[in-house]
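# Tertiary structure, described
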Amino acid sequence: AITDIVSLITTFPSAVSMLNSRASTLLGSKVVCSLTGFFFNVTARMSVFLIALLSIERAVTLHYPFKELHHMRIYLSTVVIYLTLNLVLASLPLLFSPLGYYYLQLVGQCSWGVGDLTFVKTG
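Worth saying up front: this structure is predicted, and the values here are computed from it rather than measured. (Residues numbered from 1 in each chain as written. Predicted model: local features only at pLDDT ≥ 70, side-chain atom pairs only at ≥ 80, totals over all residues. Heavy atoms only, no water.)

Our next topic: a nonpolar patch on the surface. A cluster of nonpolar side chains, contributed by Leu85, Val88, Leu89, Leu92, Leu94, Leu95 and Phe96, occupies part of the molecular surface with about 690 Å² of accessible area. Inspection of the secondary structure puts Leu89 in helix H3 (residues 72-96). Overall, the relative accessible area of 40% leaves Leu89 in the partly exposed class. (Patch = residues over 30% accessible without salt bridge, like charges linked within 9 Å, V, L, I, M, F, W, Y side chains within 5 Å. Areas by Shrake-Rupley, 256 points an atom, 1.4 Å probe, with all protein chains shown as cover. Salt bridge = Lys/Arg side-chain N within 4 Å of Asp/Glu carboxyl O. Helix = DSSP H or I, 4+ residues; strand = E, 2+ residues; numbered from the N terminus. Buried < 20%, exposed > 50% of the residue type's maximum accessible area, 1.4 Å probe, protein only.)

This is the structure we're talking about:
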């Protein structure tokens, strides 16, 4: 639930910019853009990871329906390790990229390392 709430909050500025013809309405500030880009990357990856973890737990429970399983410590340590790794990966653009997170008008959100995207029609 926390991941969903943070994901909803971080997508709100992108939604406002999309409704305003992709103008950087709320994402014009470098600090706001960096924070939303950082948290959007973390929550998107974490949401997919948690869904995968719950699917694995459901499969194990269906395979052993009457066996009492004590995997809470393993699940919690897996989540903590993945969250730590995810936070380190999402903070790399803030530490090493000359641009950090910046507003990319083509997609209407803050991104990093993409550069200027230009699409050329071929054929």
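Additional details are given in the paragraphs that follow.
A word on the packing of aromatic side chains. Following the criterion strictly, the structure yields two aromatic pairs and no others. An angle of 80 degrees between the planes, with centres 5.2 Å apart, marks the rings of Phe38 and Phe39 as edge-to-face. Taking the relative accessible area as the measure of exposure, Phe39 reaches 37% and is therefore partly exposed. Note on Phe49 and Tyr82: the rings are 4.1 Å apart at their centroids and 15 degrees apart in plane angle, and the pair reads as stacked. Linking Phe49 in helix H2 (residues 30-63) with Tyr82 in helix H3, this pair joins segments that are 33 residues apart in sequence. Among the residues examined, Phe49 registers a relative accessible area of 17% and is labelled buried. (Phe/Tyr/Trp six-rings, centres within 6.5 Å; stacked < 30°, edge-to-face > 60°.)

Moving on, we get to H2. Compared with the 50 Å implied by 1.5 Å per residue over 34 residues, the 50 Å span of H2 between its first and last C-alpha is a close match. All buried positions along H2 are accounted for by Cys33, Ser34, Thr36, Gly37, Phe38, Asn41, Val42, Thr43, Met46, Phe49 and Leu53. Residues of H2 that are buried sit in contact with helix H1 (2-19), H3, strand S1 (102-104) and strand S2 (109-111). (Expected span 1.5 Å × (residues − 1). Contact = heavy atoms within 4.5 Å.)

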